[in-house]
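# Per-entry structural report
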Amino acid sequence: MFVYADNAATTSVSKTALDAMLPFLTEYYGNPSSLYSFAQQVTEKVAEARETVARCLGAQPREIYFTSGGSESDNQAIMSAARVGARKNKKHIISTKFEHHAVLHTLKRLEKEGYEVTLLDVHEDGVVRLEDLEAALREDTCLVTIMFANNEIGTVQPIKEIGALCRAKGVPFHTDAVQAVGHMHIDVEEMNIDMLSLSGHKFHAPKGIGALYVRKNIPLFNLIEGGGQERGKRAGTENVAGMAALAAALKESCENIDIVTPRITAMRDRIIAELSKIPHSRLNGHREKRVPGTVNMCFEGIEGEALLLLLDRKGICASSGSACTSGSLDPSHVLLSIGLPHEVAHGSLRLSIGEYTTEEEIDHIVKVVPQVVEYLRNMSPVWDELERGVKPHLI
Ligand SMILES: *Cc1c(COP(=O)(O)O)cnc(C)c1O
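The rules we used
- Residues numbered from 1 in each chain as written.
- Predicted model: local features only at pLDDT ≥ 70, side-chain atom pairs only at ≥ 80, totals over all residues.
- Heavy atoms only, no water.
- Helix = DSSP H or I, 4+ residues; strand = E, 2+ residues; numbered from the N terminus.
- Contact = heavy atoms within 4.5 Å.
- Core = buried A, V, L, I, M, F, W, Y, C linked by side-chain atoms within 4.5 Å.
- Buried < 20%, exposed > 50% of the residue type's maximum accessible area, 1.4 Å probe, protein only.
- Near = heavy atom within 4 Å.
- Polar contact = N/O pair within 3.5 Å; in protein donor to acceptor, adjacent residues only side chain to side chain.
- Nonpolar A, V, L, I, M, F, W, Y, C, P; charged D, E, K, R; others polar.
- Salt bridge = Lys/Arg side-chain N within 4 Å of Asp/Glu carboxyl O.

## So, the environment of L57
Among the secondary structure elements, L57 is positioned in helix 2 (residues 37-57). In sequence terms L57 and I93 are 36 residues apart; their C-alpha atoms lie 25 Å from each other. In contact with L57, not counting residues within four places along its chain, are I64, V181, I186, D187, V188, L196, L198 and Y213.

Shown next as structure tokens:
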């Protein structure tokens, strides 16, 4: 049996998205910047895709900029807000300890350039506290960037309240919503969001296409110099096929959220309930405040990498943290941020399911994971010491 349980890393391209993109790879290959009518048909499609994305987010079309994905959107939002801030001598940025590296590494770069960065604690449940944010806000804060949903543990932040607080203090608020868009209802007006990053390949559009929402009164600087595409804010010939696919996939996902969410949530809860029966295991992140499809658990006494390799042999694709950090032996910064000791963080497993996941696949997961954990523990000297009481159990 083959079970793809790594939808937080990437998703398959849906039939809807594929059908939407194909004409732009074959028949309608004109460059939208060209003036003849053959290309103008393509220009119209770009406008249509932008309208669709805007509608799904409660935004206006002119507030949507297409990019190459979540990483670029995050970089542009943060670098732009930093430049705007510098003009007013505001060089303080607030974020959290468990952001995606596209955010954290951009902030590191800004620190080297003289900006001051405050990373908020996300507490044991992986949720930011408003009082922590309130205490961190300063006169010279030029940006608050807090992710909507975490990519490793799936916890969802109080975005509307964070946005309201930032709005009241006159500080722009950006959210990396890559894990939430297409999976949760999002309205940038209602949620007081000034800038939002999204990525197509996390909701069944292809890789390499994303978007950045920027509220109309917020100035935006470009990262990439060149032509005047995206109203001068993002140079480069448009990835029209990608834009059409992203818009189609997003529209389909948003229309189906209310039907799909209860089913995915029920399957996720079954995984949590079954795997929690494994002794010395724990669920990472708040039990309820989470995206429908993501489960992250730790099993004491085993190595995440070994677990993944054995699961792979049983046909299960899973992850031990984010796709970006696997391959490194350091435990994930996300798991450390919620206070897990190094040795526990090493034994983590992320399963992220989606709308194409079936009950039979969940059956396979909840049967195989406990077997593999037991098998690894039987061979583990660390587990042996824990069981003999040489070392105390940590979870
Ligand atoms: C996947 C992901 C990104 C990066 O998006 P790409 O389109 O792969 O560049 C950024 N942030 C989060 C939370 C993600 O899950």
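## Looking at the nonpolar core
In this structure, L57, V144, I186, I193 and L196 are the most contacted members of the largest nonpolar core, which totals 66 residues. Discounting chain neighbours no more than four positions away, the residues touching V144 are I94, L133, L137, I162, C166, V171, P172, F173 and H174. Counting residues in each nonpolar core, the second largest holds 31 residues, with I264, M297, V369 and L376 among its members.

## Observations regarding the site of the ligand
For the ligand, the set of nearby residues contains 13 residues, the closest of which are S71, D176, Q179, S199 and K202. The separation between a nitrogen atom of the ligand and a polar side-chain atom of D176 is 2.7 Å. Between K202 and the ligand, the recorded distance is 2.7 Å, taken from a side-chain N or O atom to an oxygen atom. Of the residues belonging to the shell around the ligand, the class tally is 2 nonpolar, 8 polar and 3 charged.

## Details of the pattern of salt bridges
A full pass over the atoms with the stated rule returns 23 salt bridges. Measuring nitrogen to oxygen at the nearest pair gives 3.2 Å for the salt bridge that ties E48 to K45. Of this pair, E48 and K45 both sit in helix 2, 3 residues apart, which is roughly one turn of that helix. Residue K251 pairs with E255 through a salt bridge whose shortest N-O separation is 3.3 Å. Residue K251 and its partner E255 are located together in helix 7 (residues 240-275), separated by 4 residues, close to a single helical turn. Residue classification places K251 among the partly exposed positions, given a relative accessible area of 38%. Under the relative-accessibility criterion, E255 is labelled exposed at 53%. Within this structure, R167, E189, D194 and R215 form a network of salt bridges that share partners.

So, to be careful, I would describe these as geometric facts and stop short of saying anything about function.
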